[in-house]
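Remarks on the overall topology
Listed here are the chains, written in short residue letters.
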Amino acid sequence: MGLTYRTYLNGNRIFGCSKCRTHLSTTDSIISKQFQGQHGRAYLFETVVNVEEGPSEDRHMTTGLHTVKDIHCSRCRSVLGWKYERAYEQNQRYKEGKYILEKQLLTDVN
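Residues numbered from 1 in each chain as written. Predicted model: local features only at pLDDT ≥ 70, side-chain atom pairs only at ≥ 80, totals over all residues. Heavy atoms only, no water.

As named in an unreviewed UniProt entry, the protein is Protein yippee-like, taken from Rhizophagus irregularis. Looking at the protein in UniProt, the text filed under Sequence similarities (unreviewed entry) is "Belongs to the yippee family." (UniProt positions renumbered as here; feature names shortened; annotations may be inferred.)

Some words on the UniProt feature "domain: Yippee" (unreviewed entry) in the protein
The sites that UniProt annotates as "domain: Yippee" (unreviewed entry) are residues 13–110. With 0% helix and 60% strand, the stretch residues 13–110 has end C-alpha atoms that lie 6 Å from each other. (Helix = DSSP H or I, 4+ residues; strand = E, 2+ residues; numbered from the N terminus.)

With respect to the sheet that holds strand E3 (residues 30–37)
With antiparallel pairing, the 6 strands of this open sheet are ordered in space as E3-E4-E8-E7-E6-E5. In this open sheet, the two strands that pair with only one neighbour each are E3 and strand E5 (51–61). Neighbour-to-neighbour, the strand axes of this sheet turn through a mean angle of 30°, independent of strand direction. Pairing geometry for strand E7 (residues 79–87) and strand E8 (residues 99–102), over 3 bridges, is antiparallel. Residue pairing across strands places Gly81 opposite Leu101, the latter belonging to E8. (Pairing = 2+ DSSP bridges. Axes fitted to C-alpha atoms, helices over the stretch in contact; angles between N-to-C directions.)

Quick look at the packing of aromatic side chains
Under the counting rule described, the total for this entry stands at 4 aromatic pairs. When the ring of Phe15 is compared with that of Phe45, the centres are 5.7 Å apart and the planes differ by 80°; the resulting orientation is edge-to-face. Within this pair, whereas Phe15 is found in strand E1 (residues 14–17), its partner Phe45 is found in strand E4 (residues 40–45), the two being separated by 30 residues in sequence. With respect to class, Phe15 is no different from Phe45; both count as buried. With centroids separated by 6.3 Å and ring planes inclined at 80°, the aromatic side chains of Trp82 and Tyr84 adopt a geometry described as edge-to-face. Assigned by exposure class, Trp82 and Tyr84 land together as buried. (Phe/Tyr/Trp six-rings, centres within 6.5 Å; stacked < 30°, edge-to-face > 60°. Buried < 20%, exposed > 50% of the residue type's maximum accessible area, 1.4 Å probe, protein only.)

Quick look at the sheet that holds E1
Spatially, the 3 strands line up as an open sheet ordered E2-E1-E9, and their pairing is antiparallel. Of all strands in the sheet, those with a lone pairing partner are strand E2 (23–26) and strand E9 (106–108), marking the two edges. Neighbouring strand axes in the sheet, compared pairwise and without regard to direction, differ in orientation by 35° on average.

Overview of the nonpolar core
Inside soluble globular proteins, nonpolar side chains tend to come together where they are buried. Ranked by internal contacts, the top residues of the largest apolar core, which has 15 residues, are Phe45, Leu80 and Leu101. Elements represented by at least two residues in this core include exactly E1, E4, strand E6 (64–73) and E8. Those residues in contact with Leu80 that sit more than four places away from it in its chain are Cys17, Leu24, Val51, Ile71, His72, Cys73, Ile100, Leu101, Glu102 and Leu105. Grouped together as the second largest cluster of nonpolar side chains are 7 residues, Leu44, Trp82, Tyr84 and Ile100 included. (Core = buried A, V, L, I, M, F, W, Y, C linked by side-chain atoms within 4.5 Å. Contact = heavy atoms within 4.5 Å.)

See below:
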């Protein structure tokens, strides 16, 4: 097993993993704050860094059927949210390739 390299972000507000503070994303990457996760409020992000993706699975969500992958912190392996792979409803396709991070699992790093 080799070394794991992490990306460090710059910006006014950096979100990190609440357990190990590894950088994940910035406020500039937030698309929407109007999402719900398993632990409450969640944010939809355009991009995130320092995560690993789990296997694809279909899930029935409040907005319909989606194919998603759970995402884990690359440092401590904590589950942080999920990535939308596919939306089966036409009006939900804007989520494809985007990430949900749950607010309760995040911390401000800077």
